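Residue-level listing of the chains:
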Number of protein chains: 2
Amino acid sequence: MERVSVGILGCGNVGAALVQLIGRRGPEIAARTGLDLTVARVAVRSVARERSVHLPDGVLTHDAFDVVRDPGIDVVVEVIGGIEPARELIVTALNAGKPVVTANKELLANVGADLFAAAEGAGVDLLFEAAVGGGIPIIRPLRESLVGEKVDRVIGIVNGTTNYILTRMTEDGVTYQEALAEAQNLGYAERDPTADVEGYDAGAKAAIVATIAFGAKVVAGDVYHEGIAGITPADISYASRLGYVVKLLAIAEQEEGQIGTRVHPAMVPTDHPLASVRGSHNAIFVEGDAVGELMFYGRGAGGDPTASAVLGDLIDAAGNLRKGYSASLGSLAKATIRPIDEIQTAYYLNLEVIDQPGVLAAVAGVFGAHGVSIKAMEQEGLGDEARLIFITHLAREAAMQATLRDLRELDVVDRVGTLLRVIGEI
Amino acid sequence: MERVSVGILGCGNVGAALVQLIGRRGPEIAARTGLDLTVARVAVRSVARERSVHLPDGVLTHDAFDVVRDPGIDVVVEVIGGIEPARELIVTALNAGKPVVTANKELLANVGADLFAAAEGAGVDLLFEAAVGGGIPIIRPLRESLVGEKVDRVIGIVNGTTNYILTRMTEDGVTYQEALAEAQNLGYAERDPTADVEGYDAGAKAAIVATIAFGAKVVAGDVYHEGIAGITPADISYASRLGYVVKLLAIAEQEEGQIGTRVHPAMVPTDHPLASVRGSHNAIFVEGDAVGELMFYGRGAGGDPTASAVLGDLIDAAGNLRKGYSASLGSLAKATIRPIDEIQTAYYLNLEVIDQPGVLAAVAGVFGAHGVSIKAMEQEGLGDEARLIFITHLAREAAMQATLRDLRELDVVDRVGTLLRVIGEI
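All values reported here derive from a predicted model rather than from experimental measurement.

The rules behind each value
- Residues numbered from 1 in each chain as written.
- Chains lettered and ligands numbered in written order.
- Predicted model: local features only at pLDDT ≥ 70, side-chain atom pairs only at ≥ 80, totals over all residues.
- Heavy atoms only, no water.
- Buried < 20%, exposed > 50% of the residue type's maximum accessible area, 1.4 Å probe, protein only.
- Helix = DSSP H or I, 4+ residues; strand = E, 2+ residues; numbered from the N terminus.
- Pairing = 2+ DSSP bridges.
- Contact = heavy atoms within 4.5 Å.
- Axes fitted to C-alpha atoms, helices over the stretch in contact; angles between N-to-C directions.
- Parallel < 35°, antiparallel > 145°, perpendicular 65-115°, else oblique.
- Nonpolar A, V, L, I, M, F, W, Y, C, P; charged D, E, K, R; others polar.
- Right-handed = clockwise from strand over helix to strand, strands pointing away.
- Phe/Tyr/Trp six-rings, centres within 6.5 Å; stacked < 30°, edge-to-face > 60°.
- Buried area = accessible area lost by both parts, 1.4 Å probe.
- Salt bridge = Lys/Arg side-chain N within 4 Å of Asp/Glu carboxyl O.
- Polar contact = N/O pair within 3.5 Å; in protein donor to acceptor, adjacent residues only side chain to side chain.

Draft legend 1. Molecular detail of the pairing of strand S11 (residues 258–269) of chain A. All names here are of chain A. Extensive coverage of S11 is indicated by the burial of eleven of its twelve residues. Inspection of the sheet shows strand S9 (residues 224–225) paired to S11 by two bridges, in the parallel sense. Its bridge partner lying in S11, Tyr224 is registered against Arg262. Sheet topology note: the strand S10 (residues 244–255)/S11 ladder contains twelve bridges and is antiparallel. In the sheet register, Gln254 faces S11, and the bridge partner there is Ile259. Between the end of S10 and the start of S11, which pair antiparallel, lie two residues, with Glu256 showing a positive phi angle near 50 degrees. In the sheet, S11 pairs with strand S19 (residues 413–422) via two bridges, with the strands oriented parallel. What sits directly across from Met267, in S19, is Val422.

Set out below in structure tokens:
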């Protein structure tokens, strides 16, 4: 049996769940792996604060740097979040020869490559399964199981807050504002929900997934994003009638040496595996050349699921440390990013129009002038309520945006409504 | 760059796909991992036979033992299937210090523990991701990501043939015989479909999953199984009306130190993630104490997906060999198996009865006498067509079987129809 002294930075939701989980599962882990995980030190902002977990005297400290520099600490877990001081703490730990496990998506999506290089240089592990999809094993399968696979595209529902909101809008017909307020009351959404609803959180995860899946450096700033605040109950109900559900997707794709990453609401066919991912669940759908389609589904957030992912990494890192081995991502070159204008996808568009003969001809003429072909059209409502709903064939984003600009100039168009990209269409 | 000489035993569907995949992905794998995978020798039954893959002269041989004993071979892939000579070949390779990758579920489900011990003794890897769920990463997540997790239950749709048949029956109303004939024409089912439709194939996979998830030795003979040949279109349509779909499930569960493994058709609520697994797809649903519910979905068979899983293992094994490291399952004690009589589940039962007053009272009396409570009952049809459809609350299998025995004795019961277990019910 080998004692492994664990230093944990942060004792919030995930940190506290991890302490409890190690307590609960310690004997079984020792029996199965020969590793006796001991929570030796926990760095917190306030040592005096009342906590849900009981820790022996002397374990809590307010000096996180003291933990990462402590020669008695074998492995460090970082669950404080944010970029600084997390970055400096992790680099200090790695340079001291300590493997690090982190759940910090913001950090990895911004300066991940520097951290991977620091780990590589020190010859120790930097593991981060919990940074994407909470408890869902997705980083390890991408890094290890699929390392030989040509991954073409990864499509994730990786933000539980927005998936909860869209599920409520879909299943119960509530408005975006009502669903958001409900999510805030339930603690699924923050008081300031920007990071979730505008797609920044999902974008950070898309950057991490793209980096691992394609072996090239992609950062949060490379990710195009649109949020869900503009989605109306009418969009949801048109989507449903046409055989789709609306989901906020994080997409990472690779084609001809270019990597595209984007987060936006999209229409997903109801028989697509991602369509049945409801409520605050997450799922990551992978399209590979040989393996075909894979999906990984589960709880994308919450203390216990996230702590479970951290624990898996912790056992791996401790085992590797004992064997003098470390996992490596190799050196990551900066990815060539495909601009959003160059993607090809199908689109849904909702137009408020004047209800008179010749309107469709005028509108269809604009689509045609930009080479965007229409796959399906439906008129909804009459008179002042008249709307035209379009689904296009595959088109280039630049052509679709040019179509929108010209449609706004048409006298017969009162308002250009929601534009949604459609996945799973040929 | 390090040259890794791969010896492949068998060049059927999976072996040929693997040879092609290594050819296609070789340069990228070399760039990412530093491993130059070279297919050095391939053992086949007939060297003269025409093949879809081109191999240099001297690579093909009909002597598989010559391959595993060849000092120039670094890693062995076994894709011939069956127990002998696969077992002896693998043990010979392991004893010669060669890591082995296998897709052989039958072998692992019967003598897996001996093979794991041989690998452990030799200090090299025995990896088998492809043995369960084809291309779906499930063995590695269970072994590594979830090694610290208390897994309570694993429920798999792990046989594509039966899932295809049940999907056709559900979506198109065809009979079992029609769907089977169609699956045979499409090459999804064998001429003799016994291994698939009676649940033997799924049972082998359940034994492997139980062994890995619970860290105890479970063999194919420990798995209780029932097939799908008795499922009627009427069962499917009652299930649908009650909000369920019928799936063939492989279940492995652990409670109070006992492990239960069983394969049988079951009713799955339509909003359960497993319900949306259609056609020949596979999925493995995992219930863990901290992680909650996870699902892994994808292609469970076929040359390319299976070869993709083998390739992931091959890269891992070759990398570990270079580092002098090997993954270990530890020593596996024989599991204490929970007899099928002791499981607790909810049930669906379909009874053909005489249509007269007092029948329900008589039937309900039998349920009550054995302590089985009825959650829902519906009468279908009238006169000679009269049937009673029951859904029970949780009950013990022994009590339900005793209920069936007594129901068969009742004069008012013409026939005791299909009994299905129901999952996802409280």
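Alright, that's what it looks like, and here's the rest.
Draft legend 2. Region of interest: the sheet that holds strand S4 (residues 75–78) of chain B. Residues and elements named next belong to chain B. The strand order S3-S2-S1-S4-S5-S6 describes an open sheet built from six strands, whose pairing is parallel. What marks the edges here is a single partner per strand, and that holds for strand S3 (60–61) and strand S6 (126–127). Of the strands in this sheet, strand S1 (2–9), strand S2 (35–43) and S4 are in contact with helix H1 (residues 13–33), which crosses S2 at around 160 degrees.

Draft legend 3. Region of interest: the packing of helix H4 (residues 105–122) of chain A against helix H9 (residues 200–214) of chain A. Residues and elements named next belong to chain A. Contact pair H4 / H9: the axes reach a minimum separation of 7 Å and the direction vectors enclose 30 degrees. Viewed along their axes, H4 and H9 adopt a mutual orientation that is roughly parallel. Of the residues in H9, those touching H4 at Lys105, Leu108, Ala109 and Phe116 are Asp201, Ala204, Lys205, Ala207, Ile208 and Thr211. By residue class, the composition of the contact of H4 with H9 is six nonpolar, one polar and three charged.

Draft legend 4. A look at the pairing of S4(B). All names here are of chain B. Burial of the side chains of S4 extends over both faces: Val75 and Val77 are buried on one face and Val76 and Glu78 on the other. Summarising the sheet, S4 and strand S5 (residues 100–102) pair through three bridges and their orientation is parallel. What sits directly across from Val76, in S5, is Val100. Note on the crossover from S4 through helix H3 (residues 86–95) to S5: the handedness is right-handed.

Draft legend 5. How the structure looks around the packing of aromatic side chains. Residues and elements named next belong to chain A. Per the stated rule, a full pass over the model turns up eight aromatic pairs over all chains. A ring pair is formed by Phe367 and Phe390, whose centres lie 4.8 Å apart and whose planes are at 40 degrees; its orientation type is tilted. Taken together, the positions of Phe367 in helix H12 (residues 359–369) and Phe390 in strand S17 (residues 387–392) put the pair 23 residues apart, joining distant regions of the chain. We classify Phe390 as buried; its relative accessible area is 0%.

Draft legend 6. Representation of the sheet that holds strand S3 (residues 60–61) of chain A within the structure. Residue and element names in this part refer to chain A. Here six strands make up an open sheet; going across it, the order is S3-S2-S1-S4-S5-S6 and the pairing parallel. Whereas interior strands pair on both sides, the edge strands pair on one side only; in this sheet they are S3 and strand S6 (126–127). Running over the sheet, helix H3 (residues 86–95) touches strand S1 (2–9), strand S4 (75–78), strand S5 (100–102) and S6 and is turned about 155 degrees from S5. The strands that helix H11 (residues 303–323) touches are S1, strand S2 (35–43), S4, S5 and S6; relative to S2, the one it contacts most, it runs at about 115 degrees.

Draft legend 7. Region of the structure containing the interface of chain A and chain B. Tallying the contact residues gives 46 residues for chain A and 46 residues for chain B. Its largest share of buried area at the contact with chain B, chain A owes to A:Arg32, A:Val147 and A:Tyr297, together 16% of the area lost on that side. Along the contact surface separating chain A from chain B lie four salt bridges. Between B:Arg24 and A:Asp289 there is a salt bridge, and its shortest N-O distance comes to 3.0 Å. In this assembly, chain A and chain B are joined by 19 residue pairs in polar contact (both at pLDDT 80 or more). Breaking the side of chain A that touches chain B down by element, the ones donating at least two residues are helix H1 (13–33), helix H5 (139–145), H9, strand S13 (292–299) and H11 of chain A. In terms of residues, the side of chain A that touches chain B owes the most to one element, H11(A), which gives eight residues. Looking at side-chain class alone, the side of chain A that touches chain B contains 21 nonpolar, eleven polar and 14 charged residues.

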